[in-house]
Each structure stands twice: as C-alpha cells, then as structure tokens.
Amino acid sequence: AVECTSCDAGRMSSNLSTSCSPCPAGKCSNTRASVCSSCPAGYFAPRKNSSTCLKCSSERGTEYDSPVGSSECSSCIAGWYSFRTEDSDVTCAECPDGAECDAGSTLAGLVVKEGMWRATASSSEVVDCPYVGNCPDRSNATGDDTCATGAGGPVCAVCDSGWFQGAEKCVECA
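Quantities reported herein were computed from a predicted structural model and do not represent experimental measurements.

Trainee: Could you give me a rundown of the overall build of the chain, with the residues and numbers involved?
Mentor: The helix and strand tally for the chain stands at one helix and 18 strands. In terms of overall dimensions, the chain is more spread out than a globule: its C-alpha atoms have a radius of gyration of 25 Å, far above the 16 Å expected for 174 residues. C-alpha extents for the chain along the principal axes are approximately 95 × 25 × 25 Å. With 174 residues in all, the chain has 36% of them scored as buried. Taking contacts inside the chain between residues at least 6 apart in sequence as the whole, the part at least 24 apart equals 32%. Split by element, the accessible area of the chain, about 9800 Å² in all, is 47% carbon and sulfur. Distance between charge centroids for the chain: 14 Å, based on 12 positive and 22 negative side chains.

Printed below as a string of structure tokens:
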C-alpha cells in the first residue's frame, strides 16, 4: 500500500502526492502543507524550502518593503527610493531634498519638484534651477528634458538661439 507523505516545513505535497516539493523563493509552508503560501506584502522568503517569511523592516531596516510573493525586499517605503548596488543588492536611500518619493520609488524614476533639476537618471543629486521658470514641471525627466522650451544646458540656465534670459525664464526674441 502507498502511504501519503507528511512534508517538512518549507515543502508541500499536492493532490495526495507521495512526494514533497520545495516551496519556491517568495513562498513558505508549515509542516504537512498541501500548498505553499505567498509571503504577504512587507515580507520575503529569499530561498526555496522556507518555513516562514521574514519581515523586511526587521531583517533589512524600517525603510524596506516588498510586494506579495517576494524573494527579496525590493522596494522602499514613502520618503525613500531604491537602487541596485554593483552586486545587485537592493538598497534604500532617503529621498533627496527637491524630489518626491512615494512608496516604491526608484532612483531611475525619481520625481523632481517644480524648479528643480537632475542631470541623469543614475544621479540622486537634485539642484535648484537658477531660473525657476526654466524648470517648470514636476517630473522624472532629467537633463535638458527637464527644461522648458527655449532653455537647456546644465540646470536649464542656457537659453537657446533666438531666446534671451528674462527674470525667471528664457523668453523668445520678438
């Protein structure tokens, strides 16, 4: 006679199977489980065969978060942004002045406030535009894409040909 197998924690046996399968990363199970459960938001299981999900804020820091079913703490709470280090670890950093960081913000997608400028998507440095009207929009654009029509260059401080610098922005020559 074939007997059903009682699986250890971190493994599961579905459909009255006689063998146990490991829970994949991002999921966990208790002893005798027939399914692996996805880790809830804010928790993660970094390896297969996990019996519990680890809490991001306890294991990595209070600024870390994760979506449901995560194998890592891959996002950050509001007020922080995430980026990957050279060894591919997710790191959270405090939102720079002049930027807005909602939950889940990334370095590449940082949104700069009106009147602010950022050189590249890989830079966390956000600086004031010397002429506020040349950096009018709140956006995640960088470099010249941040600048208003007629402006360009570093911090949108250079007026295009046929334009001159007014009090707050570049103005088209008449």
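Trainee: Please provide a residue-by-residue account of the pairing of strand S10 (residues 90-94), values included.
Mentor: Pairing analysis gives five bridges linking strand S9 (residues 80-84) to S10, with the strands arranged antiparallel. Paired with Phe-83 across the bridge in S10 is Thr-91. The hairpin turn running from S9 into S10, its antiparallel successor, is five residues long, and Ser-88 in that turn takes a positive phi close to 70 degrees.

Trainee: Can you tell me about the environment of Cys-23, naming the residues and giving the values?
Mentor: Among the secondary structure elements, Cys-23 is positioned in the loop between strand S2 (21-22) and strand S3 (27-28). Note on Cys-23: relative accessible area 0%, which makes it buried. Along the backbone, Cys-23 and Ser-37 are 14 residues apart, and their C-alpha atoms lie at a distance of 8.4 Å.

What counts and how
Residues numbered from 1 in each chain as written. Predicted model: local features only at pLDDT ≥ 70, side-chain atom pairs only at ≥ 80, totals over all residues. Heavy atoms only, no water. Helix = DSSP H or I, 4+ residues; strand = E, 2+ residues; numbered from the N terminus. Rg over C-alpha atoms; globule rule 2.2 N^0.38 Å. Buried < 20%, exposed > 50% of the residue type's maximum accessible area, 1.4 Å probe, protein only. Contact = heavy atoms within 4.5 Å. Areas by Shrake-Rupley, 256 points an atom, 1.4 Å probe, with all protein chains shown as cover. Lys, Arg positive; Asp, Glu negative; His and termini not counted. Charge placed at Lys NZ, Arg CZ, Asp CG, Glu CD. Pairing = 2+ DSSP bridges.

Any functional reading would require information that these geometric values do not contain.
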